[in-house]
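# Examination of the molecular architecture
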Amino acid sequence: MTVEPGTRAPVSWEVRDALVAWRAWLAHEKRASANTLDAYARDVDAFLSFAARHTGGAVDFAALGALTVADFRAWLASRSTAGLTRSSTARAVSSVRGFFRWLARMGYVENAAVHHMKAPRRPRQVPKALSEVEAGDVLRAVQEVAGTPWIAKRDLAVLLLLYGCGLRIGEALALTCAEAPAPGQEALTVTGKGNKQRQVPLLPIVGEAVQTYLAECPYVLPQDAVLFRGARGGPLGARRVQERMQQIRGWLGLSASATPHVLRHSFATHLLQQGGDLRAIQDLLGHGSLSTTQQYTAVDSAGLKRVYDRAHPRAGGG
């Protein structure tokens, strides 16, 4: 791999030589890819250009060692003013810190202030939703991969609560037998984060799936007991549901992002795609802040029950 020897930043020849040596170290010792090497080099070059403007002269080791926390904050502020994303700035902070660590290790210069620089939090990545067809395939595949009939019915009921009601996996597994949907029940009371309760409309297919599981579960379940049980009779754990989704996505050839949580995400996404009201979906998901729901998209209409009945692809009970 060739190493770019130059830099556009005004730096002393000592710093220029150090940059060449650092880039060679990244390429040959750290085995950095060409893209990674280019990204790190651009980040540090841009930082050194800022440092030169900020300090009013070519950057040498003395200038690098004299930079303060305020100077590093000024660099971060300049990136924000320029409209650079939090993700790119977080990477740039990592690049600059790495360069300073290497300088210290090689005995060129040390600067403790660089380690007090706070990188911006990277934006939370929203997983890619399944298509309506993929979601249906997931539900149909449960029987193919589960093996034991009652366990297949259990897993179908759990996944339907995630996709049909938008529950978190912990919320579904925390339901007791007393909270199990009864025939004809139209809403389900869910206890979410912070012990906050919400009501979600209940599709007939979800209640039917839960009742079918209860009818075939081989264990005696008191009303105050946890609804979903493992193969040996203990409470079903989230890890088992995650493993089931792993089997299903292998069976269907889905990506690794097809996790239990993606069913909840798909629930919200499909409602939004069909014209659902963002605040209504916020209530359905139990989000404390609308900004959390807005990660999916920005759509606005009206009517919680109407949205659910008209928009959800499985609302017809099929």
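Every value quoted in this text rests on a predicted model; they were computed, and no experiment measured them.

This part takes up the overall build of the chain. The helix and strand tally for the chain stands at 14 helices and two strands. Relative to its 318 residues, the chain shows a buried fraction of 45%. Across the chain, every contact between residues at least 6 apart in sequence was considered, and the portion connecting residues at least 24 apart equals 63%. In the structure as shown, the chain presents an accessible area of about 16200 Å², 50% of it carried by carbon and sulfur atoms.

Using the criterion set out here, one finds 11 aromatic pairs in the structure. Each ring, one from Phe47 and one from Phe100, has its centre 6.1 Å from the other, and the planes form 75 degrees; the classification is edge-to-face. One end of the pair, Phe47, is in helix H2 (residues 34-55); the other, Phe100, is in helix H5 (residues 86-105), with 53 residues separating them in the sequence. With respect to class, Phe47 is no different from Phe100; both count as buried. By the ring-pair criterion, three or more aromatic residues cluster together here, those being Trp22, Phe47, Phe72, Trp75, Phe99 and Phe100.

A few words now on the packing of H2 against helix H4 (residues 69-81). Relative to each other, H2 and H4 sit at 115 degrees, their axes nearing to 11 Å. Between H2 and H4, the interaxial angle falls into the category roughly perpendicular. Remark: the crossing between H2 and H4 carries right-handed chirality. Where H2 abuts H4, its residues Phe47, Phe50 and His54 lie against Asp71, Phe72, Ala74, Trp75 and Ser78. Of the residues contributing to the contact of H2 with H4, the split by class is five nonpolar, two polar and one charged.

Attention now moves to the UniProt feature "active site" (unreviewed entry) in the chain. UniProt annotation of "active site" (unreviewed entry) refers to Arg168, Lys193, His261, Arg264, His287 and Tyr296 when read in the numbering used here. Assignment of secondary structure puts His261 in helix H11 (residues 260-273).

Checked against the element boundaries, Ser255 lands in the loop between helix H10 (238-252) and H11. It is 9.6 Å that separates the C-alpha atoms of Ser255 and Lys128, two residues lying 127 residues apart in sequence. Separated by 2.7 Å, the side chains of Ser255 and Ser257 make a polar contact.

The tendency in soluble globular proteins is for nonpolar side chains to be buried as a group. Ranked by internal contacts, the top residues of the largest apolar core, which has 54 residues, are Leu159, Leu161, Leu167 and Phe228. Elements supplying a minimum of two residues to this core: helix H6 (132-146), helix H7 (149-165), helix H8 (169-173), strand E1 (187-191), helix H9 (204-216), H10, H11 and helix H12 (278-285). Once you skip the residues sitting within four places of it in the chain, Leu161 turns out to touch Gly166, Leu167, Ala172, Leu175, Leu188, Val206, Val210 and Phe228. Judged by nonpolar contacts, the second largest core, of 34 residues, contains Val44, Ala52, Trp75 and Leu103.

Attention now moves to the pairing of strand E2 (residues 197-201). In the sheet, E1 pairs with E2 via five bridges, with the strands oriented antiparallel. Bridge pairing links Leu188 to Val200 in E2. Counting the residues that bridge the hairpin from E1 to E2 gives five residues, and of these Gly194 lies at a positive phi of roughly 70 degrees.

Time to look at the side chain of Asn111. Within the secondary structure, Asn111 sits in the loop between H5 and H6. At 2.7 Å, the side chain of Asn111 and the backbone oxygen of Leu64 are in polar contact. Setting aside chain neighbours within four positions, we find Asn111 in contact with Leu64, Gly65, Ala66, Leu67, Phe72 and Phe100.

As enumerated under the stated definition, the model contains nine salt bridges in all. Residue Asp155 pairs with Arg244 through a salt bridge whose shortest N-O separation is 2.5 Å. Of this pair, Asp155 sits in helix H7 while Arg244 sits in helix H10, and the two are 89 residues apart along the sequence. Classification of Arg244 as buried rests on a relative accessible area of 12%. Close ionic contact of Glu171 with Arg198 constitutes a salt bridge, the shortest N to O distance being 2.8 Å. Of this pair, Glu171 sits in helix H8 while Arg198 sits in strand E2, and the two are 27 residues apart along the sequence. On the accessibility criterion, Glu171 (6% relative accessible area) is buried. One connected set of salt bridges, linked through shared partners, spans Arg154, Asp155 and Arg244.

Rules and cut-offs
In every chain, residue numbers begin from 1 and rise along the written sequence. Residue-level local features of this predicted model are given only where pLDDT is at least 70; pairs of side-chain atoms are given and counted only at 80 or more, and the full residue set underlies all totals for whole chains, interfaces and linings. Values reported for side chains reflect all heavy atoms of the structure, with hydrogen atoms and water molecules removed beforehand. Going along the chain from the N terminus, every DSSP run of H or I of four or more residues is numbered as a helix, and every run of E of two or more is numbered as a strand. Burial here depends on accessible area, computed with a 1.4 Å probe over protein chains only, as a share of the maximum for the residue type. Under 20% is buried, over 50% is exposed, and the range in between is partly exposed. By definition in these notes, contact holds between two residues if any of their heavy atoms fall within 4.5 Å. In this description, accessible areas are obtained by the Shrake-Rupley approach with a 1.4 Å probe, and a residue is regarded as covered only by the protein chains that are shown. Any Phe, Tyr or Trp ring, taking Trp's six-membered ring, that has another such ring centre within 6.5 Å forms a pair; planes under 30 degrees apart are called stacked, those over 60 apart edge-to-face, and the others tilted. Helix axes are fitted to C-alpha atoms over the stretch in contact, other axes to C-alpha atoms as well, and angles between N-to-C directions run from 0 to 180 degrees. These descriptions rest on fixed angle ranges, namely under 35 degrees for roughly parallel, over 145 for roughly antiparallel, 65 to 115 for roughly perpendicular, and the rest for oblique. When the near helix sits turned anticlockwise from the far one by under a right angle, the crossing is termed left-handed; a clockwise turn instead gives a right-handed crossing. Under the convention adopted here, Pro, Cys and the residues Ala, Val, Leu, Ile, Met, Phe, Trp and Tyr are nonpolar, Asp, Glu, Lys and Arg are charged, and Gly plus all remaining residues are polar. UniProt positions are given in the numbering used here, feature names are shortened, and annotations may be inferred rather than shown by experiment. Side-chain atoms alone can form a polar contact between residues adjacent in sequence; in general such a contact is a pair of N or O atoms within 3.5 Å, and within protein one must be able to donate a hydrogen while the other accepts it. Think of a nonpolar core as a cluster: buried Ala, Val, Leu, Ile, Met, Phe, Trp, Tyr and Cys residues, connected wherever their side-chain atoms sit within 4.5 Å. Criterion used throughout: strands pair if DSSP finds at least two bridges between them. Salt bridge, as applied in this entry: a Lys or Arg side-chain nitrogen positioned within 4 Å of an Asp or Glu carboxyl oxygen.

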